[in-house]
Amino acid sequence: MKTFFHSGAPASNMGFKVWCGIFLYAILAGLAIQLVILPYIFPQLHAGNGLLAGRDWVGFHAQAITEAQRITQGGWAEFRLRPDGDNAIIGLTGFFYVLFGPHPWALLPLSAAMFAAGGAALFSMIRNLGLEDNESIIAILPYLLFPSSLLQYGQIHKDVFCTATVLVILWAWSSLLSEKRQRRNVLPLLVVSAFALIILSVFRPYLMYPLLGIGVLLLVWYAMRTGWQFFRPQSPGNVVGRKERFRKNIGSVFILVVINACAYFMSISIVDVRMQPFPASDVNARMGLPDFRWTSNRDVRSADALRVFVAPPPKPVEIAAPEPVVEPIPPKPTEPEYPAKYVVYKVAYKKYQAYVEEVKKYQAYEESPEVKKYKAYVASPAYAAFLEAEAEAARIKAVQQCRAMMFIRDDAFFQNLVDRGFLKIAVARAGFTSSGGTTAASNIDKGIDFCKNEDLIRYIPRALQIAFFAPFPSKWLSVEKRNSSPIEIYISAVEMFYCYIAYLGLIYWAFNYRRWNVFLLLPMTFAFGLCLLLGLTVANVGTLYRMRFPFAMIFVSIGMAGILQLAKMRPFWVEGPDAADNAAEASRAAN
């Protein structure tokens with residue numbers, strides 16, 4: 001247990017202590033937010049039952065109550081993990097509502113345990129960067145103390161399961177690939193990784209593809225390292241050390257094969273859970289046994305499935321037909337010519353008469369009751385709302401007409417793979433840009449869609465800016481029009497200010513490359529890729545702020561660890577101008 005938390009680091013039970021501390025804190029903070037803070041301190045934000053108003057968990061709570069009532073009336077055979085066909089959090093919450101009653105705090109112990117698991121995993125990764133226990137705890141304090149973290153475990157949502165499993169998977173994979181891994185920890189870490197992959201696939205199935213992508217890249221890298229060590233010319237030196245590194249790399253290759261097999265299996269599968277009454281003969285039994293079902297997701301059509309077509313065969317070369325011989329057109333007969341002045345005067349007079357008639361009609365039209373009524377309507381707020389709705393409808397229609405499509409081509413596997421990835425991103429972004437609520441102040445770049453691959457590539461710098469730095473300082477003191485209170489805006493401003501400071505600590509790791517290891521490179525690479533993906537697809541800052549939480553915490557914690565290391569460094573000018581001379585004299589005196 002002691003070595004398992006750090007996987008090769010010096011024996012310490014600090015990881016387990018961190019889990020216990022975070023778990024107790026999350027339980028107490030969750031109860032406080034649901035039973036005291038929202039109902040009595042901020043009642044204007046309270047939607048009832050300890051839930052924050054205007055968010056998805058209000059609907060999840062209502063659906064979970066319906067699910068619990070259905071199970072109570074029909075028995076455990078009525079249990080469905082995804083009653084609405086999509087959100088597993090509804091079925092899970094309904095399960096706890098059956099056991100403990102329709103209270104959101106019933107799910108709090110499980111959410112706190114998951115949140116604590118993510119915090120312990122983050123602590124262990126920071127600890128393996130060479131930091132002391134107290135420095136690692138300081139580095140992960142934003143994960144624990146940020147007010148936005150309360151929404152992870154204090155409300156009904158699937159985010160906490162995503163946060164915990166992503167951090168646990170990154171910790172497990174980093175520990176398995178570490179040079180300090182111990183053989184006895186390999187199987188437990190693989191089991192933990194597989195279990196976390198299963199949970200993540202239930203709540204965020206699309207994250208299987210990024211995990212599989214980075215797993216394949218790691219497999220290729222370690223396979224290349226192993227091949228280079230095997231085929232390179234042997235030179236005299238530390239033969240024992242070379243053999244040990246070779247065995248480590250071979251072990252890493254086999255571990256990555258298992259990891260990728262698990263990730264691939266979960267990417268093509270759907271985990272469903274039913275409950276069988278116990279005993280089976282009693283349909284209305286109060287006890288039930290879980291029945292896990294693994295089904296293929298091949299029949300589940302994603303939003304981009306309708307936009308994939310088979311490329312048509314190349315058009316055959318056509319033989320140009322001979323041009324027909326055209327007979328020349330005979331010249332037009334000449335017409336009698338009139339005096340130029342007569343024609344000009346006649347046309348001008350007719351235009352003047354028509355103009356006079358139009359002026360009379362316009363004056364009568366301006367004085368009509370219908371026009372006066374229309375002018376009053378144009379000046380009213382109703383007309384402004386109508387114009388806004390018309391512009392919204394026109395924009396949505398334009399988005400729908402901008403349909404990115406993909407053509408599958410024979411003998412072009414990698415091109416098809418890249419095009420399918422680009423298409424998924426384009427369709428995911430279109431789901432945000434064409435959805436309702438497009439006038440909310442928290443929206444960002446709503447008018448940008450990816451009609452072709454070039455549009456996506458050009459947007460990458462902007463996506464990175466949004467993913468890492470939004471909400472921007474210009475929005476820190478502005479209150480949004482919809483779904484956000486001033487308190488939430490100011491809290492996000494304080495958190496982003498802390499993040500900006502923590503990002504400065506990444507400079508330490510950029511230049512101190514001798515301390516790079518898998519616990520630094522693997523989490524940061526994956527977090528960078530997911531932040532970029534979210535920046536490309538999510539066009540609402542509030543949603544982005546919530547979904548990027550685990551990935552932002554990786555950068556913030558590692559950045560704060562870098563600041564702590566910088567604080568321990570003492571530049572030469574701090575010691576004074578005579579420090580070098582004093583050191584030299586002390587050395588001579590010692591000799």
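## Observations regarding the overall build of the protein
Stage number 1. Along the backbone of the protein there are 22 helices and four strands.
Stage number 2. Counting every position in the protein, which comprises 591 residues, the buried fraction comes to 41%.
Stage number 3. If you take every contact in the protein between residues at least 6 apart in sequence, the share linking residues at least 24 apart comes to 72%.
Stage number 4. Surface summary for the protein: the accessible area is close to 33,900 Å², and the carbon and sulfur share equals 66%.

## Quick look at the side chain of Thr165
Stage number 1. Following the sequence through the fold, Thr165 ends up in helix 8 (residues 159-177).
Stage number 2. On the basis of relative accessible area, Thr165 is assigned to the buried category, the value being 2%.
Stage number 3. Looking at Thr165, its side chain comes within polar contact range of the main-chain oxygen of Phe161, at 2.6 Å.
Stage number 4. When near neighbours in sequence (up to four residues on either side) are disregarded, Thr165 contacts Met114, Ala196, Ile199 and Leu200.

## Focus on the pattern of salt bridges
Stage number 1. Summed over all chains, the structure comprises twelve salt bridges.
Stage number 2. For Arg247, the salt bridge identified is with Glu244, shortest N-O distance 2.7 Å. Of this pair, Arg247 and Glu244 both sit in helix 11 (residues 239-267), three residues apart, roughly one helical turn.
Stage number 3. Residue classification places Glu244 among the partly exposed residues on the basis of a relative accessible area of 36%.

## Considerations on a nonpolar patch on the surface
Stage number 1. On the surface, a nonpolar cluster with roughly 800 Å² of combined accessible area is contributed by Leu31, Leu35, Val36, Tyr40, Ile41, Leu99, Phe100 and Trp105.
Stage number 2. Put simply, the parts of the chain that give the nonpolar patch at least two residues each are helix 1 (14-41) and helix 3 (88-100).
Stage number 3. Counting residues per element, the nonpolar patch draws most heavily on helix 1, at five residues.
Stage number 4. For Phe100, the location among the structural elements is in helix 3.

## Observations concerning the nonpolar core
Stage number 1. Ranked by size, the top nonpolar core spans 132 residues in total, and within it Ile89 and Phe115 carry the most contacts.
Stage number 2. The dominant element in this core, judged by the number of residues it contributes, is helix 8, at 14 residues.
Stage number 3. With residues near it in sequence (within four places) discarded, Ile89 still touches Phe60, Leu107, Ile156, His157, Lys158, Phe161 and Phe203.

## So, the packing of aromatic side chains
Stage number 1. Considering all chains together, one arrives at 21 aromatic pairs under this definition.
Stage number 2. Site record: aromatic cluster; members linked through ring pairs are Phe468, Phe469, Tyr500, Tyr503, Phe528 and Phe555.
Stage number 3. Over the ring of Tyr209 we find Lys424; its NZ or CZ atom is 5.8 Å from the centre of that ring.

## What to know about helix 2 (residues 56-74)
Stage number 1. Here helix 2 contains 19 residues, and its C-alpha end-to-end distance of 27 Å stays within 8% of the 27 Å for a straight helix at 1.5 Å per residue.
Stage number 2. What helix 2 keeps buried is the set Trp57, Phe60, His61, Ala64, Glu67, Ala68 and Ile71. The buried residues of helix 2 occupy an angular sector of 130° when projected down its axis, which confines them to one face.
Stage number 3. Directly after helix 2, the chain includes Gly75, whose backbone phi takes a positive value near 90°.

## Here's the deal with unusual backbone geometry
Stage number 1. Following Ala470, the chain continues into Pro471 via a peptide bond in cis, with omega recorded as 0°.
Stage number 2. Within the secondary structure, Pro471 is located in the loop between helix 16 (453-469) and helix 17 (486-504).
Stage number 3. In this structure, Asn49 is a non-glycine residue whose phi angle is positive, near 60°.
Stage number 4. By secondary structure assignment, the location of Asn49 is in the loop between helix 1 and helix 2.
Stage number 5. For Asp445, which is not glycine, the phi dihedral falls at a positive 55°.

## Observations regarding the side chain of Asp455
Stage number 1. Checked against the element boundaries, Asp455 lands in helix 16.
Stage number 2. Looking at Asp455, the relative accessible area reads 15%, which means it is buried.

## Considering the confidence of the model for the protein
Stage number 1. Residues of the protein with pLDDT of at least 70 account for 76%, and the chain-wide mean is 82.
Stage number 2. Counting interchain partners and residues more than four positions distant, the pLDDT-below-50 stretch residues 1-5 has 16 contacts.
Stage number 3. Segment residues 7-11 is flagged for pLDDT under 50; beyond a separation of four residues in sequence, or across chains, it makes eleven contacts in the model.

## Focus on the environment of Glu179
Stage number 1. Looking at the secondary structure, you find Glu179 in the loop between helix 8 and helix 9 (183-203).
Stage number 2. In this structure Glu179 comes out as exposed when scored by relative accessible area, which is 69%.
Stage number 3. As for Glu179 and Val518, which are separated by 339 residues in sequence, their C-alpha atoms are 8.7 Å apart.

## Let's talk about the packing of helix 4 (residues 108-127) against helix 21 (residues 549-568)
Stage number 1. For the pair helix 4 and helix 21, interaxial distance at closest approach is 11 Å and the crossing angle is 35°. Helix 21 is crossed by helix 4, and the crossing has right-handed handedness. Listed contacts from helix 21 to Phe115, Leu122 and Ile126 of helix 4 are Phe549, Met553, Ile554, Ser557, Ile558 and Ala561.
Stage number 2. Residue composition of the contact of helix 4 with helix 21, by class: eight nonpolar, one polar and no charged.

## Considering the packing of helix 8 against helix 10 (residues 208-231)
Stage number 1. Two numbers describe how helix 8 lies on helix 10: the axes approach to 13 Å, and their chain directions differ by 10°. Judged by the angle between their axes, helix 8 and helix 10 are roughly parallel. In this structure, helix 8 contributes Ile169, Trp173 and Leu177 to the contact, and helix 10 contributes Leu211, Ile214, Gly215, Leu218 and Tyr222.
Stage number 2. When its residues are assigned to classes, the contact of helix 8 with helix 10 shows seven nonpolar, one polar and no charged.

Calculation rules
- Residues numbered from 1 in each chain as written.
- Predicted model: local features only at pLDDT ≥ 70, side-chain atom pairs only at ≥ 80, totals over all residues.
- Heavy atoms only, no water.
- Helix = DSSP H or I, 4+ residues; strand = E, 2+ residues; numbered from the N terminus.
- Buried < 20%, exposed > 50% of the residue type's maximum accessible area, 1.4 Å probe, protein only.
- Contact = heavy atoms within 4.5 Å.
- Areas by Shrake-Rupley, 256 points an atom, 1.4 Å probe, with all protein chains shown as cover.
- Polar contact = N/O pair within 3.5 Å; in protein donor to acceptor, adjacent residues only side chain to side chain.
- Salt bridge = Lys/Arg side-chain N within 4 Å of Asp/Glu carboxyl O.
- Patch = residues over 30% accessible without salt bridge, like charges linked within 9 Å, V, L, I, M, F, W, Y side chains within 5 Å.
- Core = buried A, V, L, I, M, F, W, Y, C linked by side-chain atoms within 4.5 Å.
- Phe/Tyr/Trp six-rings, centres within 6.5 Å; stacked < 30°, edge-to-face > 60°.
- Lys NZ or Arg CZ within 6 Å of the ring centre and 35° of its normal.
- Expected span 1.5 Å × (residues − 1).
- Arc of directions from axis to C-beta.
- pLDDT = per-residue confidence, 0-100.
- Axes fitted to C-alpha atoms, helices over the stretch in contact; angles between N-to-C directions.
- Left-handed = near helix turned anticlockwise from the far one by under 90°.
- Nonpolar A, V, L, I, M, F, W, Y, C, P; charged D, E, K, R; others polar.
- Parallel < 35°, antiparallel > 145°, perpendicular 65-115°, else oblique.

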